[in-house]
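So the chains spell out like this:
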Amino acid sequence: QVQLVESGGGLVQPGGSLRLSCAASGFTFRNYRMGWYRQAPGKERELVATITTTGGSTNYADSVKGRFTISRDNDKNTVYLQMNSLKPEDTAVYYCTRIRVLLGITQNDYWGQGTQVTVSS
């Protein structure tokens, strides 16, 4: 079965860095786009970044452009999110998602359990 397992969250001071990892299993990882979303308390889940199957193209929310970098290793079935210059407003649960494109329709069909990122002094 499809599994997405995030790791790497934690407590960090403003201006600090964290690297999230998402280990995928149960499907042919290199055939799927992948993404990271986040959800802060009392807010809707929002897109953070996506990456194409080869990693050749990425997309970012305006709020994280220039600070976050999404990448993937298709040999290790893992997608990463490098987060630099973290701000208190980046505090959220971060989720890894598999992106399925079928007949032109894009769908996030599987989600991980999430990892908490807290940015605070």
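The structure this text deals with has already been given above.
All of these numbers come straight from a predicted model, not from anything done at the bench. (Residues numbered from 1 in each chain as written. Predicted model: local features only at pLDDT ≥ 70, side-chain atom pairs only at ≥ 80, totals over all residues. Heavy atoms only, no water.)

Q: Pulling in residues and values, what's your account of the packing of aromatic side chains?
A: Tallying each qualifying case throughout the model produces four aromatic pairs. Three or more aromatic residues link up through ring pairs in this structure, and these residues are Phe27, Phe29 and Tyr32. Sitting over the face of the ring of Phe29, Arg72 holds its NZ or CZ atom 4.3 Å from the ring centroid. Cation over ring: Arg98 sits above Phe27, and NZ or CZ is 4.8 Å from the ring centre. (Phe/Tyr/Trp six-rings, centres within 6.5 Å; stacked < 30°, edge-to-face > 60°. Lys NZ or Arg CZ within 6 Å of the ring centre and 35° of its normal.)

Q: So what about the sheet that holds strand β7 (residues 68-73)? Which residues, and what values?
A: With antiparallel pairing, four strands are arranged side by side in an open sheet as β1-β3-β8-β7. The sheet is open, and its two edges are formed by β1 (3-7) and β7, each paired on a single side. Averaged over all adjacent pairs, the angle separating strand axes in this sheet is 15 degrees, with direction ignored. Note that β1 and strand β3 (residues 18-25) share five bridges and pair antiparallel. If you follow Ser7 over to β3, its bridge partner there is Ser21. (Pairing = 2+ DSSP bridges. Helix = DSSP H or I, 4+ residues; strand = E, 2+ residues; numbered from the N terminus. Axes fitted to C-alpha atoms, helices over the stretch in contact; angles between N-to-C directions.)

Q: Break down the state of the cysteines for me, citing the residues and quoting the values.
A: Applying the stated criterion to the full structure yields one disulfide. Covalently, Cys22 is tied to Cys96 through a disulfide, its sulfur atoms 2.1 Å apart. Disulfide Cys22-Cys96: the torsion about the S-S bond is -75 degrees, which places it as left-handed. With a gap of 74 residues between them, Cys22 in strand β3 and Cys96 in strand β9 (residues 92-102) connect regions that are remote in the sequence. (Disulfide = S-S within 2.5 Å.)

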